[in-house]
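Fold and geometry: a report
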Amino acid sequence: MRESLRKLQEIVYPTIDDKHWLVNLDNTGWLQHIKSVLAAARKVADKIENGKNSVLVHCSDGWDRTAQVTSLSMLMLDKYYRTLTGFEVLIEKEWVSFGHMFAKRIGHGEDKHSDSDRSPVFLQFLDAVWQMMEMFPTSFEFNEDLLILIMDSVYNCLFGTFLYNCELERHKERVKEETHSLWSFVEDNREDYLNPLYNADGTRVLLPKISMRSIKLWKGYYMRWNMRMITQDPRHERLKQLLAVKRQLEKELQDLQLRASQRQSQPQESRVYV
């Protein structure tokens, strides 16, 4: 996986070879990895939803592939985890509290870039979430910017949420007392991370069709520093405008429904014709 990510980084920055783009992308193997993770999670979700079975998920250590598969399958099965708050709970529960070794997998404070313990496991999870958001654009309350913020926070260590390797280490280092939580920042700036297309009454269970035809490169993350890919229109402003329009329409709908119910509750006038 490390080699696959390295190859991907080489083809997206600083220059892009348009002529051999598809071949180079395929040679990285990155999208195949994302497909495999999604396929495993879908199999678990299908066994639970359609087979009505219990499923035990466990990789060799229990904190890498296990967290990937369980958290993605829970996203597919329970729409609560597709809300902004629910997604925060999911990551805190299945990754942070469960013991994913962020410090060792990311290499916090280390300059050994070839360290065999480093692995983009959490990045693969967020990439897979983005793939699902592309497949089901109205099923997630949060937007792509939240995923990018979370991944950036894993690397820049501005918050204490992803520091150290387990709950015991964070407790010993008084992380909760000495640092700020990423989730507090997100909640304070909630408007920036909402999806204007979100439909809270949408599909309860998502079972995506896993095919290489439906797996795409997450350009918003991997290619955002390439000058040729930077968009000229202010996407953040467009999202805020869409949210404002959505809320205005929802308010007008509620007003119309209220008027309709009031009219229905009024007694009908009896008329006598002579």
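Conventions we followed
Residues numbered from 1 in each chain as written. Predicted model: local features only at pLDDT ≥ 70, side-chain atom pairs only at ≥ 80, totals over all residues. Heavy atoms only, no water. Helix = DSSP H or I, 4+ residues; strand = E, 2+ residues; numbered from the N terminus. Buried < 20%, exposed > 50% of the residue type's maximum accessible area, 1.4 Å probe, protein only. Areas by Shrake-Rupley, 256 points an atom, 1.4 Å probe, with all protein chains shown as cover. Salt bridge = Lys/Arg side-chain N within 4 Å of Asp/Glu carboxyl O. Arc of directions from axis to C-beta. Contact = heavy atoms within 4.5 Å. Polar contact = N/O pair within 3.5 Å; in protein donor to acceptor, adjacent residues only side chain to side chain. Core = buried A, V, L, I, M, F, W, Y, C linked by side-chain atoms within 4.5 Å. Axes fitted to C-alpha atoms, helices over the stretch in contact; angles between N-to-C directions. Parallel < 35°, antiparallel > 145°, perpendicular 65-115°, else oblique. Left-handed = near helix turned anticlockwise from the far one by under 90°. Nonpolar A, V, L, I, M, F, W, Y, C, P; charged D, E, K, R; others polar. Phe/Tyr/Trp six-rings, centres within 6.5 Å; stacked < 30°, edge-to-face > 60°. Expected span 1.5 Å × (residues − 1).

Bringing the overall build of the protein chain into the picture now. Of regular secondary structure, the protein chain possesses 13 helices and zero strands. Scanning the protein chain from its N terminus toward the C terminus, one meets helices and strands in the order α-α-α-α-α-α-α-α-α-α-α-α-α. In terms of its C-alpha atoms, the protein chain occupies a principal-axis envelope of roughly 95 × 50 × 45 Å. Taking all 274 residues of the protein chain together, 42% fall into the buried category. Accessible area for the protein chain stands at about 16400 Å²; split by element, carbon and sulfur atoms hold 52% of it.

One pass over the structure, following the stated rule, counts 11 salt bridges. The shortest N-O distance in the salt bridge between Lys216 and Glu134 comes to 2.9 Å. In this pair, Lys216 is assigned in the loop between α11 (182–188) and α12 (219–222) and Glu134 in helix α7 (residues 121–135), connecting sequence segments 82 residues apart. Each of Glu3, Arg6 and Glu10 takes part in salt bridges that share partners, so that together they form one network.

Here the focus is helix α2 (residues 21–28). Among the residues of α2, Trp21, Leu25 and Thr28 are the ones counted as buried. Burial along α2 is one-sided: seen end-on, the buried residues are contained in an arc of 55°. Where α2 is buried, its residues touch α1 (2–12) and α3 (30–49). Just downstream of α2, Gly29 is the residue with a positive phi angle, here 75°.

Take the side chain of Glu144 next. Along the chain, the position of Glu144 falls in helix α8 (residues 144–156). A distance of 2.8 Å separates a polar atom in the side chain of Glu144 from a polar atom in the side chain of Trp218.

The next point concerns the nonpolar core. By size, the foremost hydrophobic cluster in this structure holds 64 residues, and its most contacted members are Phe87, Ile91, Phe122, Ile150, Phe162 and Tyr222. Not counting residues within four places of it along the chain, the set of residues in contact with Tyr222 comprises Leu5, Leu8, Val12, Trp30, Leu123, Asp127 and Leu217.

So, on to unusual backbone geometry. Along the chain, Tyr13 connects to Pro14 via a cis peptide bond; the corresponding omega equals 5°. Positioned with a positive phi, Tyr164 is a non-glycine residue whose angle comes to about 70°. Examined against the element boundaries, Tyr164 turns out to sit in the loop between α8 and α9 (167–172). Backbone geometry places Arg174, a non-glycine residue, at a positive phi of 55°. Relative to the elements of secondary structure, Arg174 occurs in the loop between α9 and α10 (175–178).

We now examine the packing of helix α4 (residues 65–77) against α7. One way to put it is that α4 packs onto α7 with a least axis distance of 10 Å and a crossing angle of 20°. The angle between the axes of α4 and α7 places the two elements in the roughly parallel class. The two elements α4 and α7 meet at a crossing, and its hand is right-handed. Seen from α4, the contacting residues are Arg65, Gln68, Ser71, Leu72, Leu75 and Met76; seen from α7, they are Val121, Gln124, Phe125, Ala128, Val129 and Met132. Considered class by class, the residues forming the contact of α4 with α7 number eight nonpolar, three polar and one charged.

Another aspect to go through is the packing of aromatic side chains. Under the criterion given, the structure shown has 17 aromatic pairs. Taking 4.4 Å as the distance between ring centres and 25° as the angle between the ring planes, the aromatic pair formed by Phe87 and Phe142 counts as stacked. Linking Phe87 in helix α5 (residues 84–97) with Phe142 in the loop between α7 and α8, this pair joins segments that are 55 residues apart in sequence. Exposure remark for Phe87: the relative accessible area of 0% places this residue in the buried category.

Here the focus is α8. Look at α8: 18 Å from first C-alpha to last across 13 residues, which is about the 18 Å you get at 1.5 Å a residue. Counting buried positions along α8 gives 10 out of 13 residues, so the element sits mostly inside the fold. When we look at burial in α8, the residues that qualify are Glu144, Asp145, Leu146, Leu147, Ile148, Leu149, Ile150, Met151, Ser153 and Val154. Two residues or fewer past α8, Cys157 is found with a positive phi of approximately 60°.

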